[in-house]
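Each chain, written out:
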Amino acid sequence: MKIHDLLIVGAGLAGMRAALAAPAQLDVALISKVHPVRSHSVAAQGGINAALGESDSWEAHAFDTTKGGQYLGDQDAIEAMCREAPDDILELERMGVIFSRDERGRIAQRPFGGAGFPRACYAADRTGHAILHTMYEQLMKRGCHVYEEWYVMSLIMEEGICRGVIAWDIVHGGLHAIGAKAVVLATGGSGRAFLTSTNAVINTGDGMALAYRVGAPLEDMEFVQFHPTTLKDTGILITEGARGEGAYLLNTLGERFMKKYAPEQMELATRSTVSLAIGQEILEGRGVDGCVLLDLRHLGRQRILERLPQIRQLSVEFAGVDPVESPIPIRPGAHYQMGGVKTTIWGETPVPGLYAAGECACVSVHGANRLGGNSLLETIVFGRRAGQRASDYSATVQPRALSDAAFRREEAHLRQLMDNDGPERAWQVRDDLGKIMSLNLGIFRTQQSMTDALKEIRTLRLRGESVRLQDKGKIFNTDLIQAFELNCLVEIAETIVAGALAREESRGAHYRSDFPKRDDGKWLKHTRATKTPDGPQLSYAPVTITKFPPK
Ligand SMILES: Cc1cc2nc3c(=O)[nH]c(=O)nc-3n(C[C@H](O)[C@H](O)[C@H](O)COP(=O)(O)OP(=O)(O)OC[C@H]3O[C@@H](n4cnc5c(N)ncnc54)[C@H](O)[C@@H]3O)c2cc1C
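Reading the values: the criteria
Residues numbered from 1 in each chain as written. Predicted model: local features only at pLDDT ≥ 70, side-chain atom pairs only at ≥ 80, totals over all residues. Heavy atoms only, no water. Pairing = 2+ DSSP bridges. Helix = DSSP H or I, 4+ residues; strand = E, 2+ residues; numbered from the N terminus. Disulfide = S-S within 2.5 Å. Buried < 20%, exposed > 50% of the residue type's maximum accessible area, 1.4 Å probe, protein only. 1 Å grid on protein atoms, 1.4 Å probe; cavity = no way out; pocket = protein on both sides within 12 Å on 5 of 7 lines; lining within 4 Å. Points joined across faces, edges and corners; volume = space filled by probe spheres on them. Nonpolar A, V, L, I, M, F, W, Y, C, P; charged D, E, K, R; others polar. Axes fitted to C-alpha atoms, helices over the stretch in contact; angles between N-to-C directions. Parallel < 35°, antiparallel > 145°, perpendicular 65-115°, else oblique. Left-handed = near helix turned anticlockwise from the far one by under 90°. Contact = heavy atoms within 4.5 Å. Near = heavy atom within 4 Å. Polar contact = N/O pair within 3.5 Å; in protein donor to acceptor, adjacent residues only side chain to side chain. Areas by Shrake-Rupley, 256 points an atom, 1.4 Å probe, with all protein chains shown as cover. Expected span 1.5 Å × (residues − 1). Phe/Tyr/Trp six-rings, centres within 6.5 Å; stacked < 30°, edge-to-face > 60°. Lys NZ or Arg CZ within 6 Å of the ring centre and 35° of its normal.

## Here's the deal with the pairing of strand E19 (residues 535-542)
Pairing geometry for strand E18 (residues 525-532) and E19, over 8 bridges, is antiparallel. Residue Arg528 lies in a different strand from E19, and its bridge partner there is Ser539. Taking the residues that link successive antiparallel strands as the turn, the E18-E19 hairpin has 2 residues.

Here it is in structure tokens:
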């Protein structure tokens, strides 16, 4: 069996940055269920934050991040991220990322919600694309091995230590054990637990489920961000950069309704505030066909074409609306998982040999609500840190032969899946899950809605385990992959609901109509979910507070 020094699961920005952080002499491999540049990071539009401006500072960035996250973020982690951001951005530039420029030729920065300063560096509205492709070129130059279109089904654990993965080769078919001295999970988000989401269909929370199944706790899973502006019907993201460039939000009366909810920040209030405001307008009958309107017309054709070309194209192609001429119908949609595998600021999980970074991890820097532009930054800073720490650790591990127990277990699992004769296909159960989550765990949550959801999810777990595969073949069997993904989604959804049901307060993205106030006395603490045979067991941990006492 092949044993790598470092095996990174996921080839989005966090995974690639982790790989590039490893010393050149290490044997580093990446494994990804899609071609690396199809990872969801490629879709990031608006920007990546760093305090580069002359009158900006990392402390101001750290304060905005802490406040935006409603004081639930760990301030030691936030400090590390904001302090290291400027150097990391310059490093990206040196790798070859083509950032947009201001009139003086410096990296241009646009304002984003909840930020006291224009702090988001961008490459037009294709920022993720620019960074991901550049890093991929760097990895190719290094000769990094990529298991392309391989699906990781489980982690190999021996004596409580993570020693590699069991993976399915999607293209050729076939199960493989891949050994590693250290494994970094960089598998991205879980937005597809919801029916309408900005996320790629591959964002199914696999890495979170892999870690959870071997005993690593998931933190703050109830905090799911709903992006205020996703396109009607499809849920495709319309970047916050549009509002950063000056777009307005209008209700059916033509009012800029944000003046009622956030008179100072208006459209650039934090995402949770703007999403709640939109939800309220729609609920009270001032929506337009289940949406509100995002108006860019006053920006003028030239600016839209120069700064937001992709937004224009998406609106024309998917909503039949040209933003140069008409406002775009938008509504909030599931966008980002603030929670994830609990890690230290070096990406370490409690499981020896196992690290995590990027959206699948919870360091935690976003607290109850992530600021736009901070997620790409998290992938870069903590991807690098996890890559460095995992490399150091791998140098201390002696290679050794692994038993084939994990392989045999997955082989049996695979056989059982292929033989299943249940009445349903995976997509049917996945659709039901999405509907239940969108209906009951959206921007407004109540005890009743979540209790109903939890009950239904428990039956979905059983349905998910017995889905029938129509394709019994080995080559590019997407039916099989969907069955694996479904079980991850159901498991992750259960932790979201359990955490949300227990948290009797409203904070950031978690809004309970029955407990509308933030309650620092009882709830200024992290939720941790640990897997048991009966479902997630919750415990709580203190928040690290350094410079900014909660206000
Ligand atoms: C439409 C959109 C726009 C966004 N815009 C911005 C923005 O402008 N600014 C910002 O800061 N944030 C933005 N975000 C959020 C940000 O893009 C993501 O949080 C971030 O890119 C996640 O990166 P990642 O490396 O953690 O994961 P991803 O880029 O999602 O990569 C996950 C990787 O894991 C692999 N993988 C997953 N499961 C398995 C498995 N079982 N086996 C093998 N491989 C697996 C996938 O193949 C993939 O390579 C946006 C998000 C979306 C959806």
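So, next bit.
## Some details on the state of the cysteines
If you walk through the whole model with that rule in mind, you get 0 disulfides. Between Cys360, a free cysteine, and Cys362, which holds the nearest cysteine sulfur, the sulfur-to-sulfur gap is 11 Å. Cys360 sits in the buried class, given a relative accessible area of 0%.

## Some words on the layout of surface pockets
Considered as a void within the structure, the second largest pocket measures approximately 610 Å³ in volume. Lining the second largest pocket are 24 residues, and of these Met153, Arg213, Glu410, His413 and Glu491 lie nearest its centre. Secondary-structure elements contributing two or more residues to the lining of the second largest pocket are strand E7 (150-158), helix H5 (206-213), helix H12 (405-419), helix H14 (447-465) and helix H15 (478-502). Here the lining of the second largest pocket takes 6 residues from H15, the largest share from any one element. Tallied by class, the residues present in the lining of the second largest pocket amount to 11 nonpolar, 5 polar and 8 charged.

## Here we look at the packing of H14 against H15
The interhelical angle for the contact between H14 and H15, taken along N-to-C directions, is 160°, at an axis separation of 9 Å. What the angle tells us is that H14 and H15 run roughly antiparallel. For the pair H14 and H15, the sense of crossing is left-handed. Together, Gln447, Met450, Thr451, Ala453, Leu454, Ile457, Arg458, Leu460, Arg461, Gly464 and Glu465 of H14 and Leu486, Asn487, Val490, Ala493, Glu494, Val497, Ala498, Ala500 and Leu501 of H15 make up the contact between the two elements. Looking at the contact of H14 with H15 residue by residue, the class counts come to 12 nonpolar, 4 polar and 4 charged.

## Structural notes on the site of the ligand
Around the ligand there are 38 residues in total, and Ser39, His40, Ser41, Glu359 and Ser375 lie nearest to it. Contacts to the ligand include Ala14, whose backbone N or O atom sits 2.9 Å from an oxygen atom. Computed on the free molecule, the ligand has an accessible area of 1,000 Å², of which 98% lies beneath the protein chains in the complex. Of all elements in the fold, only helix H1 (13-21), strand E2 (28-32), E7, strand E14 (328-337) and helix H11 (374-394) reach the threshold of two or more residues within the shell around the ligand. The element best represented in the shell around the ligand is H11, accounting for 4 residues. Tallied by class, the residues present in the shell around the ligand amount to 14 nonpolar, 20 polar and 4 charged.

## Some words on helix H4 (residues 127-142)
The first and last C-alpha atoms of H4 sit 23 Å apart over 16 residues, in line with the 22 Å expected at 1.5 Å per residue. Backbone geometry just downstream of H4 places Gly143 in the positive-phi region, at approximately 75°.

## Some details on the sheet that holds strand E3 (residues 48-49)
In space, the 3 strands of this open sheet follow the order E3-E5-E4, with antiparallel pairing throughout. Since the sheet does not close on itself, it has two edges, and those belong to E3 and strand E4 (109-110), each with one partner. Taken together, the 2 bridges between E4 and strand E5 (residues 120-121) define a ladder with antiparallel strand orientation. Among the inter-strand pairings, Arg110 is bridged to a residue of E5, identified as Ala120.

## Concerning the packing of helix H13 (residues 426-440) against H15
H15 packs onto H13 with a crossing angle of 20° between their chain directions and a minimal axis gap of 10 Å. Judged on the interaxial angle alone, H15 and H13 are roughly parallel. The chirality of how H13 crosses H15 is left-handed. For the pair H13 and H15, the contacting residues are Ala426, Trp427, Val429, Arg430, Leu433 and Met437 in the first and Gln482, Ala483, Glu485, Leu486, Leu489, Val490, Ala493, Ile496 and Val497 in the second.

## Re empty space enclosed by the protein
The tally for this structure, following the rule as stated, stands at 4 cavities of 30 Å³ or more. What the largest cavity holds in volume is close to 80 Å³. Forming the walls of the largest cavity are Ile3, Cys162, Arg163, Gly179, Ala180, Lys181, Val397, Gln398, Pro399, Arg400 and Leu402. For the lining of the largest cavity, the element with the highest residue contribution is strand E9 (residues 175-185), accounting for 3 residues. Its residues placed into classes, the lining of the largest cavity shows 6 nonpolar, 2 polar and 3 charged.

## Considerations on the packing of aromatic side chains
Per the stated rule, a full pass over the model turns up 8 aromatic pairs. Both rings, one in Tyr147 and one in Trp150, keep their centres 4.8 Å apart while their planes meet at 65°; by these two values the pair is edge-to-face. Each of the two residues, Tyr147 as well as Trp150, counts as buried. Note that Arg370 overlies the ring of Tyr336, its terminal NZ or CZ placed 4.1 Å from the centroid. Sitting over the ring of Trp346, Arg385 keeps its end group 4.1 Å from the ring centre.

## Side note on the sheet that holds E14
One open sheet accounts for 4 strands, arranged E11-E14-E13-E12; its pairing is antiparallel. Looking at strand neighbours, the two that pair on one side only are strand E11 (224-231) and strand E12 (248-250), the edges of this open sheet. Neighbour-to-neighbour, the strand axes of this sheet turn through a mean angle of 45°, independent of strand direction. In the sheet, E11 pairs with E14 via 6 bridges, with the strands oriented antiparallel. Paired with Gln225 across the strands is Tyr336, a residue of E14.

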